Amino acid sequence: MPDAQPTTRRTRFVCISDTHNACPGGAFKLPTGDVLICAGDMTNQGSYSELKRTVNWLEEADFEKKIVIAGNHDITLDTDFYSQYGLYFHNQNPQDPAKCQELLEQSSSITWLKHDSVVINLTSPTGPRTSFKIFGSPYSPADGMWAFGYSMDEARQIWDRIPLDADIVLTHTPPKYHCDERKERKAAGCESLREALWRVRPRLAICGHVHDGRGAELIRWDLGASNIKYREHGLERWEDPGRDNKKMSLVDLTAKGRNTIDNDGSVGDLVAASKEGTSQSLQHTIPVLHSDGNEPEEPWKLTSNTSTIMGLSHPKANPFPVLSEDLLPAARGQGGLPPSQRCDLEALSGRLGRRETCVVNAAIVASSYPHTGGRKFNKPIVVDIDLPVCEG
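Residues numbered from 1 in each chain as written. Predicted model: local features only at pLDDT ≥ 70, side-chain atom pairs only at ≥ 80, totals over all residues. Heavy atoms only, no water.

(A) Spatial organisation of the overall build of the protein. In terms of helices and strands, the protein carries eight helices and 17 strands. The buried share of the protein, taken over its 392 residues, is 54%. Long-range pairs, those at least 24 residues apart, make up 69% of the contacts in the protein with a sequence separation of at least 6. Counting every atom, the protein has about 18,700 Å² of accessible surface; 47% of that belongs to carbon and sulfur. (Helix = DSSP H or I, 4+ residues; strand = E, 2+ residues; numbered from the N terminus. Buried < 20%, exposed > 50% of the residue type's maximum accessible area, 1.4 Å probe, protein only. Contact = heavy atoms within 4.5 Å. Areas by Shrake-Rupley, 256 points an atom, 1.4 Å probe, with all protein chains shown as cover.)

Next comes the structure, spelled out in structure tokens:
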């Protein structure tokens, strides 16, 4: 018999953020990989010349896919912000946001995400031929006069846009308490993003923004607790093997590595039903979680109308459904023992294999303004992870 084809293959992501006009070959070196990820702040003030230099080296970088988001310093990529505040930055030489944005929009080799998601299929015969869904967003909590800022009142609505079936979440801001500590020991990340990650539980959450928070952490989510919402079970901090030497800064999450990630990327019953456009009553089989987090022998069944649960008032206009506010259960963000109504059914139904998320803050610039003693730089963070092989 012929050997069975693998269902997953190792895929290498090279992660960078907060380059602030630094380029490979000078401030840092780009390792080889399959996918290059840039988590924003490509420039200092988003001028056309800054963006042009950045796009030039991104297009020259040898990766099958290059995926970028903007950050708060890339101000011309936020049209509304620039129309109000642009002259505070470029009063002597006003920039044209449309022309600046065309540099990314017209690039044939760069995928620019603007608070949306895309399915990436790596099809090169020399690559891993794997597939993943990635959501990318430039937003971060408002702090001074910078682009893509939001208030805490807006935060939950913003991060509700992350689709539950995302494999990778790419944001400029870190989630709160994870790779977000400033040098004055302040957690500068977003709590609403952390809560959204509990519900989505992607394999990877890649970010930047907080230069001092550069590093990686593996979060083990607590899906069995019924008394505390958005609870975490444990945390493992990454020790950089490339610190103060010539080695690569590698995070190995593969089955052959020491820190295999416990996340099967399961889509979930309600998400799958929504994709199929099913509106009739469906029967979803959901394993029960015991208080120790283990699955029992017998499942339970939920019969429900998918359209009602998903709150799809305009499914064609909105490919990433968000629950209507009046339909959100009180148990949102809560684990426990189904079929108790205290469980977050949407987040848990058919998705109990998503137990861990690796958060990566890939800031390249290590120092912060005013950069006393000169700017210092980190290495890119390389992530190896097993992903499903493309179908067909």
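(B) Inspection of the pattern of salt bridges at higher detail. Following the criterion strictly, the structure yields 17 salt bridges and no others. Here Glu 191 ties to Arg 194 by a salt bridge, and the two come within 3.1 Å at their closest N and O atoms. Of this pair, Glu 191 and Arg 194 both sit in helix α5 (residues 191-200), three residues apart, roughly one helical turn. Judged by its relative accessible area of 25%, Glu 191 is partly exposed. (Salt bridge = Lys/Arg side-chain N within 4 Å of Asp/Glu carboxyl O.)

(C) A look at the nonpolar core. Core analysis: the largest hydrophobic core is formed by 30 residues, its most contacted members being Leu 30, Leu 36, Met 42, Val 68, Leu 77 and Leu 104. Elements with a minimum of two residues in this core: β1 (8-16), β2 (35-39), α1 (48-60), α2 (79-90), α3 (97-105) and β4 (110-112). Residue contributions to this core peak at four residues, all from α1. (Core = buried A, V, L, I, M, F, W, Y, C linked by side-chain atoms within 4.5 Å.)

(D) Structural context of the side chain of His 90. Counting through the fold element by element, His 90 comes out in helix α2. Within polar-contact distance, the side chain of His 90 engages the side chain of Tyr 82 at 2.7 Å. Among residues more than four places away in sequence, those in contact with His 90 are Gln 45, Ser 47, Ile 75, Thr 76, Tyr 82 and Gln 95. (Polar contact = N/O pair within 3.5 Å; in protein donor to acceptor, adjacent residues only side chain to side chain.)

(E) Layout of the sheet that holds strand β13 (residues 249-252). As summarised here, the arrangement of the six strands in space is β4-β3-β2-β1-β17-β13, forming an open sheet in which the pairing is mixed. Both edges of this open sheet fall to β4 and β13, since each of them pairs with a single strand only. Across the sheet, the axes of successive neighbouring strands diverge by a mean angle of 25 degrees, strand direction being ignored. Inspection of the sheet shows β13 paired to strand β17 (residues 381-388) by four bridges, in the parallel sense. Looking across to β17, one finds that Asp 252 is bridged to Asp 384. (Pairing = 2+ DSSP bridges. Axes fitted to C-alpha atoms, helices over the stretch in contact; angles between N-to-C directions.)

(F) Layout of the packing of aromatic side chains. Scanning the entire structure with this criterion turns up nine aromatic pairs. Taking the centre distance of 5.1 Å and the plane angle of 40 degrees together, the rings of Phe 81 and Tyr 85 count as tilted. Taken together, the positions of Phe 81 and Tyr 85, both in helix α2 and four residues apart, correspond to about one turn of that helix. Plain terms: the ring middles of Trp 198 and Tyr 230 are 5.9 Å apart, the flat faces sit at 85 degrees to each other, and that makes the pair edge-to-face. Separated by 32 residues along the polypeptide, Trp 198 in helix α5 and Tyr 230 in the loop between β11 (215-221) and β12 (232-237) bring together distant segments of the chain. A connected cluster of aromatic rings, assembled from ring pairs, spans Phe 81, Tyr 85, Tyr 88, Phe 89 and Trp 146. (Phe/Tyr/Trp six-rings, centres within 6.5 Å; stacked < 30°, edge-to-face > 60°.)

(G) Structural view of the sheet that holds β11. A sheet is described by the order of its strands in space; here seven strands give the open sequence β5-β6-β9-β10-β16-β11-β12, paired in mixed fashion. Either end of the sheet is taken by a strand with one partner, and the two such strands are β5 (116-121) and β12. With strand direction ignored, the average angle separating the axes of adjacent strands in the sheet is 20 degrees. Strand direction decides the pairing type here: β11 and β12, joined by five bridges, are antiparallel. Bridge pairing in β12 places Leu 218 opposite Glu 236.

(H) Highlighting the packing of helix α4 (residues 152-159) against α5. Remark: α4 packs on α5, axes separated minimally by 8 Å, with the N-to-C direction vectors making an angle of 25 degrees. If you check the angle between α4 and α5, you find them roughly parallel. As α4 runs across α5, the sense of the crossing is right-handed. Between α4, through Ala 155, Arg 156 and Trp 159, and α5, the contact on the second element is made entirely by Ser 192, Leu 193 and Ala 196. (Parallel < 35°, antiparallel > 145°, perpendicular 65-115°, else oblique. Left-handed = near helix turned anticlockwise from the far one by under 90°.)

(I) A look at α2. Its 12 residues place the ends of α2 only 14 Å apart at the C-alpha level, less than the 16 Å of an ideal helix rising 1.5 Å per residue. Among the residues making up α2, those that are buried are Phe 81, Tyr 82, Gly 86, Phe 89 and His 90. Viewed end-on, α2 has its buried residues packed into an arc of 110 degrees, placing them on one side of the element. In α2, the exposed residues that point more than 90 degrees away from the buried face are Ser 83, Gln 84, Leu 87 and Tyr 88. The inward-facing, buried residues of α2 contact α3. (Expected span 1.5 Å × (residues − 1). Arc of directions from axis to C-beta.)

(J) Representation of α4. Along α4, the positions that sit buried rather than exposed are Ala 155, Ile 158 and Trp 159. One side of α4 holds all its buried residues, which, seen down the axis, span an arc of 75 degrees. Looking at α4, the residues exposed on the side facing more than 90 degrees away from the buried face are Asp 153 and Gln 157. Elements that come into contact with the buried residues of α4 comprise β6 (131-137), β8 (149-150), β9 (168-171) and α5.

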